[in-house]
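Remarks on the overall topology
Spelled out, the chains give:
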Amino acid sequence: MNEQNIDLVIFGGLGDLAGRKLLPALYQIERAGLLSDRVRLAAVARDPIETKGFLDYVEGRLKQSLASADWSESVWQKLSKRFSYIGMDFSNKKHFSALNAWLDSDRLVIYYLATPPSLFGAISQHLHDAGCIASTSRIVLEKPIGHDLASSKSVNDTVARYFTERNIYRIDHYLGKETVQNLLALRFANRLINSQWDNTCIDHVQITVSETVGIEGRWGYYDQVGQLRDMVQNHLLQLLCMVAMEPPNSFEADEIRAEKVKILRALTMIDASDVEQCAVRGQYAAGWIAGQPVVGYTEEIGCSQKDSATETFVAIKAFIDNWRWSGVPFYLRTGKRLGEKATQIVIAYKNQPHAIFPDRQALGSNRLVIRLQPNEGIQLEMASKKQTLKDRLSLEKRLLNLDFFDTEGQDRIPDAYERLLLEVFKGDQWLFVSRGEIEASWRWCDQLIGAWQDKALKVHRYSAGSSGPSKAELLIERDGRSWFGESTLS
Ligand code: BG6
C-alpha cells in the first residue's frame, strides 16, 4: 500500500467541532499547499443530504469564519473536489456498509471521531464488523476520554480491541498550539533557561487559562462535566507537563510521552484533609464582559437545574513530588466568563540570596511570562539601573520581550488543528496523548473531585467579567504570593 494515499473520514462532519475547527483547518492546510494531492476526504453525519448540499454548507461556514483575505476560490475548488458526504446513522451497524463501499482497500484510512465520546466504542465496533479497519487504519479521538478513570479505561479498552495504541491519536488541542510546542524549544534549546529550571531557582509556577466565553450553548454537556474535567484534566495538566517534565531523550513520541506520564504520576494527591487549602471552585453569576451584560451560569440557555453546583472556575495549588520540583507550588487557575481571554504561564524566580540594592525587594523577583494566547510571546522581567542622574544606583523593572507574532512576520499563527491534522497524516504521535497520561491525570482529578464531595465544599459565586472568586486570591495570597496580572484581569 502506498502510505501517501490517505482517506480521512470525519464522523460528525456536520457537527460543531467540524464546522468551527476541522473544516477551516483543512482549508488552511490546502491554502498553504500542504495537503497532498493523494488525500480524499469524507464527512459522515446523520442528515440525509447529498455531497452538493454538504459542500454548500461548508462553503457558507468557511466564508463566515475565515478572514476575507484568506478566502480563495481556487483553494476552495481544490478542497471541495476531495470531499464526499456519506449520510448514515452511527449507531446502526447496517449503515456502515455505505462507508465500506466508499473506502478503497489500497488507501490508508484515518477515522476522526468528532462525536460525543459515548459513541467511540460503538463506532469502533461497527467499523470493525463492517470490515472497515485494516492493521494500518488510524483513529483520532477528541476529548473528553471518559468522565473519570473507570470510564476512560472502558473507552480505551473498547477502542483498543480494534486499533493498536500506535494507531490511536488522542487529541488535546493545546498540544497543537505553536506556543505550547515552543515551550520545548524554550526549555531544551536554551542552556540559559534550562540551567535555571528547578527548585533551587524557581519559587513557584502559575498556569492560567482564563476565558471570556461562557458555555456556548453546551449546558447539557457542560453541567455534567464542569471546568475541572473540561479544562484541568487535559489542557492545564498538559501545560504543567510541558513545564515540568525532564528533557526527553529525543522528540520521539514515546520519549516525550514517557516523561509526561512521570510528572502526572508524581502529582501529590489532594485529599479531604487539604482540599480546602489547595483547591477552590467557583460559578459565574451575571455580570459584564466587554461592556455587554451577560447572564449567570444557571440562567444560560438550556439550563435545566437552577441550583446546579457545577463549577465554571477552578484554582488549585499542586505539588510535584520529585527531585526537581520538590517544594515548588504550581498554581493552576481556569474559568469561564472572566474579564479577559488569556492563557499564560508564569515562572516566578526566587529572590537573590542577599539584597545589596535597597529597592531590589520592592521590585519583586525575576519572572518569565510565557503568553500562549493572545499576543503569543515571552517576556522576562529584569531589574535594571534607572537611567537618571538624580539617583546614584536605583533600579527599575525592564522587560526583555520576544513577540512571536511580530518577529515571525506571518499573517497568522496556524491554528492547533492544522498542525494536529498534519501530524495524523504523517503518522507522528508526538503531539497526542497516550493512554498512560489520560489515566494518570484522571486518577489525580478523581481524587480531587472525591475530596470536594467528601467535604461538601461550597462553589463560590463570582461576577462574570471579574477575575474569579475572591477565595482564589486567598489561595495564593495565603502563601505571600499573588496572581500575575491580577490588576489587568479584574
Ligand atoms: C475546549 C473546552 O477543550 O477548550 C472548551 O471544551 C474551552 O470549554 C476550549 O472553551 C478552550 O480552547 P482555546 O483554544 O480557545 O483556549
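Now for a quick tour of the structure. Remember, it's a predicted structure, so these values are computed and weren't measured experimentally.

**With respect to the side chain of Arg 187**
- Checked against the element boundaries, Arg 187 lands in helix 7 (residues 178-188).
- Notably, Arg 187 is buried but unbridged: the nearest opposite-charge side chain belongs to Glu 246, and the N-O separation is 5.9 Å.
- A distance of 3.1 Å separates the side chain of Arg 187 from the backbone oxygen of Met 242, its partner in a polar contact.
- Ignoring sequence-local partners within four residues, the contact set of Arg 187 consists of Ile 193, Asn 194, Trp 197, Met 242, Val 243, Ala 244, Met 245 and Arg 324.

**Notes on the packing of aromatic side chains**
- Counted under the stated rule, the structure contains 16 aromatic pairs.
- A centroid spacing of 5.2 Å and a plane angle of 80 degrees characterise the contact between Trp 325 and Phe 330, whose relative ring orientation is edge-to-face. Neither residue differs from the other here; Trp 325 and Phe 330 are each classed as buried.
- An aromatic cluster of three or more residues is present, and its members are Trp 219, Tyr 222, Tyr 284, Tyr 297, Phe 313 and Tyr 462.
- Note that Lys 177 overlies the ring of Tyr 174, its terminal NZ or CZ placed 4.6 Å from the centroid.
- The ring of Trp 452 has Arg 281 lying over it, and the distance from NZ or CZ to the ring centre is 4.8 Å.

**Description of helix 3 (residues 73-82)**
- Turning to helix 3, its buried residues number three or more, namely Val 75, Trp 76, Leu 79, Ser 80 and Arg 82. Seen from one end, helix 3 has its buried residues packed into an arc of 145 degrees, which puts them on one side. Of the exposed residues in helix 3, those oriented more than 90 degrees away from the buried face are Ser 74 and Lys 81.
- Tucked into the core, helix 3 has its buried residues touching helix 1 (16-31), strand 2 (39-45), helix 2 (51-65) and strand 3 (83-87).

**Focus on the pattern of salt bridges**
- By the definition in use, this model includes 31 salt bridges.
- Between Arg 82 and Glu 30 there is a salt bridge, and its shortest N-O distance comes to 2.7 Å. Pair noted here: Arg 82 is in helix 3 and Glu 30 is in helix 1, with a separation of 52 residues, a long-range link. Glu 30 matches Arg 82 in its accessibility class, with the two residues each being buried.
- Taken together, the shared-partner salt bridges in this structure form one network comprising Lys 143, Glu 211, Arg 218, Asp 230 and Lys 336.

**Considerations on the site of the ligand**
- The immediate surroundings of the ligand are formed by Lys 143, His 173, Tyr 174, Lys 177, Glu 211, Arg 218, Asp 230, Met 231, His 235, Lys 336, Lys 341 and Gln 373.
- Take Arg 218: an N or O atom from its side chain is 2.5 Å from an oxygen atom of the ligand.
- Protein chains shield 81% of the accessible area of the ligand, which is 400 Å² for the free molecule.
- Because more than half of its atoms lie within 2 Å of the grid, the ligand is assigned to the largest pocket.
- Among the elements that line the shell around the ligand, the one with the most residues is helix 9 (residues 219-244), at three residues.

**What to know about helix 6 (residues 149-160)**
- Between its first and last C-alpha atoms helix 6 spans 16 Å; for twelve residues at 1.5 Å apiece the expected length is 16 Å, and the two agree.
- Those residues of helix 6 that fall on the buried side of the exposure criterion are Leu 149, Ser 152, Val 155, Asn 156, Thr 158 and Val 159.
- Against the buried residues of helix 6 lie helix 5 (120-129), strand 5 (138-141), strand 6 (168-170) and helix 15 (435-455).

**Looking at empty space enclosed by the protein**
- In total, this model carries two cavities of 30 Å³ or more according to the counting rule given.
- Roughly 120 Å³ of internal volume is contained in the largest cavity.
- Broken down by secondary-structure element, the contributors of at least two residues to the lining of the largest cavity are helix 9 and helix 15.
- Considering every element that reaches the lining of the largest cavity, the biggest residue donor is helix 9, with four residues.

**Structural notes on the environment of Glu 299**
- Here Glu 299 shows up in the loop between strand 10 (292-294) and strand 11 (313-318).
- Each C-alpha atom of the pair Glu 299 and Ala 285 lies 8.7 Å from the other, and the pair is 14 residues apart in sequence.
- Sequence-distant contacts of Glu 299, defined by excluding residues within four places in its chain, comprise Ala 286 and Lys 306.
- From its side chain, Glu 299 meets the backbone nitrogen of Gly 296 in a polar contact 2.8 Å long.

**A few points about the sheet that holds strand 2**
- Strands sit in the order 3-2-1-4-5-6 across an open sheet of six strands; the sheet is parallel. Two strands bound the open sheet, and with one partner strand each, they are strand 3 and strand 6. Geometrically, the sheet is characterised by an average inter-axis angle of 20 degrees between neighbouring strands, direction not taken into account.
- As paired elements, strand 4 (residues 108-113) and strand 5 share four bridges and run parallel to each other. For Leu 113, the partnering residue across the bridge sits in strand 5 and is Leu 141.

**Side note on a nonpolar patch on the surface**
- Taken together, the side chains of Ile 356, Phe 357 and Leu 393 present a nonpolar region at the surface, about 310 Å² in accessible area.
- Tracing the chain through its elements places Leu 393 in the loop between strand 15 (377-385) and strand 16 (395-403).
- Its relative accessible area of 48% is what places Leu 393 among the partly exposed residues.

**Comments concerning the nonpolar core**
- Core analysis: the largest hydrophobic core is formed by 134 residues, its most contacted members being Phe 11, Leu 99, Tyr 111, Tyr 112 and Ile 316.
- Here the element with the most residues in this core is helix 9; it accounts for eleven residues.
- Leave out the neighbours within four places in its chain, and Phe 11 touches Val 44, Met 88, Phe 90, Phe 96, Leu 99, Tyr 111, Tyr 112, Leu 113, Ala 114, Thr 115, Ile 123 and Leu 127.
- By size, the runner-up hydrophobic cluster in this structure holds 16 residues, among which are Ile 215, Trp 219, Ala 315 and Ile 476.

**Side note on the layout of surface pockets**
- Space inside the largest pocket adds up to approximately 1400 Å³.
- Lining the largest pocket are 45 residues, with Asp 16, Leu 17, Arg 20, Arg 218 and Tyr 417 positioned closest to its centre.
- Residue assignment for the lining of the largest pocket shows that the elements contributing at least two residues are helix 1, helix 7, helix 9, strand 14 (367-373) and helix 14 (416-426).
- Element by element, the count of residues in the lining of the largest pocket is highest for helix 1, at five residues.
- Class assignment for the residues of the lining of the largest pocket results in 20 nonpolar, eight polar and 17 charged.

Cut-offs and rules
Residues numbered from 1 in each chain as written. Predicted model: local features only at pLDDT ≥ 70, side-chain atom pairs only at ≥ 80, totals over all residues. Heavy atoms only, no water. Helix = DSSP H or I, 4+ residues; strand = E, 2+ residues; numbered from the N terminus. Buried < 20%, exposed > 50% of the residue type's maximum accessible area, 1.4 Å probe, protein only. Lys, Arg positive; Asp, Glu negative; His and termini not counted. Salt bridge = Lys/Arg side-chain N within 4 Å of Asp/Glu carboxyl O. Polar contact = N/O pair within 3.5 Å; in protein donor to acceptor, adjacent residues only side chain to side chain. Contact = heavy atoms within 4.5 Å. Phe/Tyr/Trp six-rings, centres within 6.5 Å; stacked < 30°, edge-to-face > 60°. Lys NZ or Arg CZ within 6 Å of the ring centre and 35° of its normal. Arc of directions from axis to C-beta. Near = heavy atom within 4 Å. Areas by Shrake-Rupley, 256 points an atom, 1.4 Å probe, with all protein chains shown as cover. 1 Å grid on protein atoms, 1.4 Å probe; cavity = no way out; pocket = protein on both sides within 12 Å on 5 of 7 lines; lining within 4 Å. Sits in = over half its atoms within 2 Å of the grid points. Expected span 1.5 Å × (residues − 1). Points joined across faces, edges and corners; volume = space filled by probe spheres on them. Pairing = 2+ DSSP bridges. Axes fitted to C-alpha atoms, helices over the stretch in contact; angles between N-to-C directions. Patch = residues over 30% accessible without salt bridge, like charges linked within 9 Å, V, L, I, M, F, W, Y side chains within 5 Å. Core = buried A, V, L, I, M, F, W, Y, C linked by side-chain atoms within 4.5 Å. Nonpolar A, V, L, I, M, F, W, Y, C, P; charged D, E, K, R; others polar.

From the geometry alone we can't say anything about function, so treat these as descriptive.
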